[in-house]
Amino acid sequence: MISELIAYIFSFWITFNPVPAGYYRVVKVVDGDTIKVLINKKIETIRLVGVDTPETVDPRRVVGCYGKEASNFSKKTLSNQNVKLESDVLSGDRDKYKRLLRYVFLEDGQNFNQVLIEDGYGHEYTYKSMPYKYQEIFKKSEINARENSRGLWDPRACDKIN
């Protein structure tokens, strides 16, 4: 009921702030690698494919080193923005939590999943050794981030408590 009301409110708001064809509005950033978008008047949870950021919202786990920074970067970059979503037949449509599995592209064409890895907010993530479309690019992006000590790969990144 509440999620339907929120979706209705966002649908109404979008009437006055239209989303370009082929794009979807980000209505919430859950954490660094999970967002909520409005798709056909329904709010869907999206899990970004091929990237894992340190944990910040799982009540069973401690907040991971650089998790708050990753979450804040995703919020700053994606909140109320229009994004394109791309599925990957190799990854499947949804995960075990019923989240859509997608690549997220910014309006400037950047693959946000890759940006997270390249800037050191997360690492390349291969689920159960299953290949995916951008796997090699993401692996190279992680190597680049590590070699340049960006984000969580900075030796001092975890010296302080987030």
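Provided above is the structure to which this section pertains.
Residues numbered from 1 in each chain as written. Predicted model: local features only at pLDDT ≥ 70, side-chain atom pairs only at ≥ 80, totals over all residues. Heavy atoms only, no water.

Student: An account of the nonpolar core is requested, with residue identities and associated values reported.
Tutor: Residues I35, V37, I46, L78, V104 and F112 are the most contacted members of the largest nonpolar core, which totals 31 residues. Of all the elements in the fold, those that place two or more residues in this core are β1 (24–31), β2 (34–39), β3 (42–48), α2 (67–78), β5 (82–86), β6 (100–105) and α3 (112–118). The leading source of residues in this core is β6, at five residues. (Core = buried A, V, L, I, M, F, W, Y, C linked by side-chain atoms within 4.5 Å. Buried < 20%, exposed > 50% of the residue type's maximum accessible area, 1.4 Å probe, protein only. Helix = DSSP H or I, 4+ residues; strand = E, 2+ residues; numbered from the N terminus.)

Student: Explain the side chain of R99 to me, using residue names and the numbers behind them.
Tutor: Here R99 lies in the loop between β5 and β6. Of note is the side chain of R99, whose polar atom sits 2.6 Å from the side chain of D95. Ignoring sequence-local partners within four residues, the contact set of R99 consists of T34, T45, R47, D93 and R94. (Polar contact = N/O pair within 3.5 Å; in protein donor to acceptor, adjacent residues only side chain to side chain. Contact = heavy atoms within 4.5 Å.)

Student: I'd love a proper account of the layout of surface pockets, names of residues and values included.
Tutor: Space inside the largest pocket adds up to approximately 820 Å³. What lines the largest pocket is a set of 31 residues, among which R47, D95, Y97, R99 and Y125 lie closest to the centre. At the level of elements, β1 and β3 are the ones that each hand at least two residues to the lining of the largest pocket. Classifying every residue of the lining of the largest pocket gives 14 nonpolar, five polar and twelve charged. (1 Å grid on protein atoms, 1.4 Å probe; cavity = no way out; pocket = protein on both sides within 12 Å on 5 of 7 lines; lining within 4 Å. Points joined across faces, edges and corners; volume = space filled by probe spheres on them. Nonpolar A, V, L, I, M, F, W, Y, C, P; charged D, E, K, R; others polar.)

Student: Mind laying out the pairing of β3, listing which residues take part and the relevant values?
Tutor: Across the seven residues that make up β3, a large majority, five, are buried. Relative to β3, β2 is paired through six bridges, and the arrangement is antiparallel. From the neighbouring strand, K36 faces β3, where its bridge partner is T45. Two successive antiparallel strands, β2 and β3, enclose a turn made up of two residues, where N40 displays a positive phi of approximately 50°. Relative to β6, β3 runs parallel, the two sharing three bridges. Counted as the bridge partner of R47 is L101 from β6. (Pairing = 2+ DSSP bridges.)

Student: Can you explain a nonpolar patch on the surface? Please cite residues and give values.
Tutor: Taken together, Y125, Y127 and M130 make up a surface patch of nonpolar side chains, about 270 Å² in accessible area. By the element assignment, Y127 lies in the loop between β7 (123–124) and α4 (135–147). Note on Y127: relative accessible area 41%, which makes it partly exposed. (Patch = residues over 30% accessible without salt bridge, like charges linked within 9 Å, V, L, I, M, F, W, Y side chains within 5 Å. Areas by Shrake-Rupley, 256 points an atom, 1.4 Å probe, with all protein chains shown as cover. Salt bridge = Lys/Arg side-chain N within 4 Å of Asp/Glu carboxyl O.)

Student: Describe the sheet that holds β5, and please don't skip the residues or the numbers.
Tutor: Each strand in a sheet pairs with its neighbour through backbone hydrogen bonds, running either in the same direction (parallel) or in the opposite one (antiparallel). Pairing is mixed around the closed barrel formed by five strands, whose spatial order is β1-β2-β3-β6-β5. Within this sheet the neighbouring strands show an average axis-to-axis angle of 55°, counted without direction. Sheet analysis places β1 next to β5, joined by two bridges and oriented antiparallel. Looking across to β5, one finds that Y24 is bridged to V83. In this fold α2 packs onto β1, β2, β5 and β6, with an angle of close to 165° to the strand it touches most, β1. (Axes fitted to C-alpha atoms, helices over the stretch in contact; angles between N-to-C directions.)

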